[in-house]
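A closer look at the structure
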Amino acid sequence: MACRGELLTEGEAQGLYLDRLGEDDLAAIVALHKAALRTAPVAGLVKPDTDDFFREHLGFRGRIWGLFDEKGAMMAYAVLGLPRPGGYNLGPDAGLAEKDWPEVAHLAGATVDHACRGRRIQYFLTRFRMEQALALGRRHVVSTVDPRNYASWRSLMKCGLHISGLARKYGGLARFVLYRDMAADMVAAQPRPAGQERLVAAEDLDGIARLLGDGWTGTGWHQDDAGQMRVRFSRF
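Throughout what follows, the structure given in this document is the object of discussion. (Residues numbered from 1 in each chain as written. Predicted model: local features only at pLDDT ≥ 70, side-chain atom pairs only at ≥ 80, totals over all residues. Heavy atoms only, no water.)

**Some remarks on the overall build of the protein**
Within the protein, the regular secondary structure consists of six helices and 11 strands. Expected size for 236 residues packed as a compact globule is a radius of gyration near 18 Å; at 18 Å, the protein falls within 12% of this value. The dimensions of the protein, computed from C-alpha atoms along their principal axes, are 55 × 45 × 35 Å. Considering only intrachain contacts with a sequence separation of at least 6, the fraction spanning at least 24 residues in the protein is 62%. Within the protein, one finds 31 positive and 29 negative side-chain charges whose respective centroids are separated by 2 Å. (Helix = DSSP H or I, 4+ residues; strand = E, 2+ residues; numbered from the N terminus. Rg over C-alpha atoms; globule rule 2.2 N^0.38 Å. Contact = heavy atoms within 4.5 Å. Lys, Arg positive; Asp, Glu negative; His and termini not counted. Charge placed at Lys NZ, Arg CZ, Asp CG, Glu CD.)

**Describing the pairing of strand β3 (residues 62-68)**
When you tally the buried positions in β3, you get six out of seven residues, the bulk of the element. Bridge count between strand β2 (residues 17-20) and β3: four bridges; the pairing is antiparallel. Residue Arg20 lies in a different strand from β3, and its bridge partner there is Trp65. Pairing of β3 with strand β4 (residues 74-81), which is carried by seven bridges, proceeds in the antiparallel orientation. Opposite Leu67, over in β4, you have Ala76 as the bridge partner. A loop of five residues connects β3 with β4, the two strands running antiparallel in sequence, and Gly72 in this loop sits at a positive phi of about 90 degrees. (Buried < 20%, exposed > 50% of the residue type's maximum accessible area, 1.4 Å probe, protein only. Pairing = 2+ DSSP bridges.)

**Some details on the nonpolar core**
Ranked by size, the top nonpolar core spans 43 residues in total, and within it Leu67, Ile121, Trp153 and Leu178 carry the most contacts. Every residue in contact with Trp153, bar those within four places of it in the chain, is listed here: Val145, Asp146, Pro147, Phe176, Leu178, Ala202, Gly220, Trp221, Met229 and Val231. If you look at the next biggest cluster of nonpolar residues, it comprises 15 residues, including Leu21, Leu58, Met74 and Val79. (Core = buried A, V, L, I, M, F, W, Y, C linked by side-chain atoms within 4.5 Å.)

**Re the state of the cysteines**
Going through the model one piece at a time under the given rule, you end up with zero disulfides. Here Cys159 is not disulfide-linked; the sulfur of Cys116 is the nearest cysteine sulfur, at 18 Å. (Disulfide = S-S within 2.5 Å.)

**Some points on unusual backbone geometry**
Backbone geometry places Arg120, a non-glycine residue, at a positive phi of 65 degrees. Inspection of the secondary structure assignment puts Arg120 in the loop between β5 (104-112) and α3 (121-135). Phi at Tyr170 is positive, roughly 55 degrees, even though this residue is not glycine. The partly exposed category is assigned to Tyr170, whose relative accessible area is 31%.

**Here we look at the packing of aromatic side chains**
Summed over all chains, the structure comprises six aromatic pairs. Taken together, a centroid distance of 5.5 Å and an interplanar angle of 85 degrees make the contact between Phe54 and Tyr77 edge-to-face. Placement of Phe54 in helix α2 (residues 51-57) and of Tyr77 in strand β4 is noted, with a sequence separation of 23 residues between them. Note on accessibility: Phe54 and Tyr77 belong to one class, buried. With 6.3 Å between their ring centres and 20 degrees between their planes, Phe124 and Phe128 make a pair best called stacked. With a gap of four residues between them, Phe124 and Phe128 both fall in helix α3, about one helical turn apart. As far as burial versus exposure is concerned, Phe124 and Phe128 are alike and both buried. Within the aromatic cluster, the residues linked to one another by ring pairs are Phe53, Phe54 and Tyr77. Lying across the ring of Phe53, Lys47 places its NZ or CZ 4.3 Å from the centre. Just above the ring of Tyr123 sits the side chain of Arg120; from NZ or CZ to the centre is 4.3 Å. (Phe/Tyr/Trp six-rings, centres within 6.5 Å; stacked < 30°, edge-to-face > 60°. Lys NZ or Arg CZ within 6 Å of the ring centre and 35° of its normal.)

**Quick word on the pairing of strand β7 (residues 162-169)**
By the bridge criterion, seven bridges tie β7 to strand β8 (residues 173-181) in an arrangement that is antiparallel. Considered in β8, the bridge of Lys169 is made with Leu173. Linking β7 back to β8 in an antiparallel pair, the connection comprises three residues, with Tyr170 at a positive phi of about 55 degrees.

Given below as C-alpha cells:
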C-alpha cells in the first residue's frame, strides 16, 4: 500500500503520515481497537467501542484521523466527537450549563499500535484534536478515562485538561471526567491566589468523589517512590 496523507516532519509523530479517515478505513480502526482491548492489563481499562460507534464518528457524529507508516499500515487513530443537538453530550458530566453544550467536543478515544508506544503519540493526537475542535467552533473539550489508566489521564492533563467529575459510564465503569475551556485559556487571566492542595490515591474513588463534590479540581499527580499514583487536587 502506498503512503497516504501528510508526512509529519517534526514532533512526536515525526516520520508518520496523518490523514482523515473514511468508511474504507473502518476495518483497520476496529482491528487496532480490538488489539488494544486484548492487550489491556486490566478488564475495563479501555472502553469497548462498537463498529457502529466508529462508523458514526466517521460520519455525522464526528471525525477520525489516523497515523500511518511508510508502508501504509495504520499506527494509530484518534476520535473527535462533535455532538449534535439532542444527541449524546458529555457537557452535563463536565458541569457545563445547557447553553454551552453546542460548543462541546469529545476527545472520544485514541489507540496507538505497540510499535509506536513511548513516543508520546497520544499527546500529539490530543493536541491535534483540540486544535481541530477549536477551529470548528467547539471551545469545550471533554474526555472520560478509567482512573487506573494513568498514562491516558496524565497525557490529557499535560494538554491542559483537569479532572472535573467522576461518573459511571459505559455499563457502570468508573471514569474520570476531564475538561478544558480552550477559549477561556486565550484570555489573559489574573494570577490565581495560592490555594489548598491534597493528594489522593487514584483508586480512592469515594475520597475523590467527596473532594469533587466539595469544589476541588484534579490538577496534577504525584507518584511516590513505591510507585503509587496519587491525584493532586486543588481548591482556590
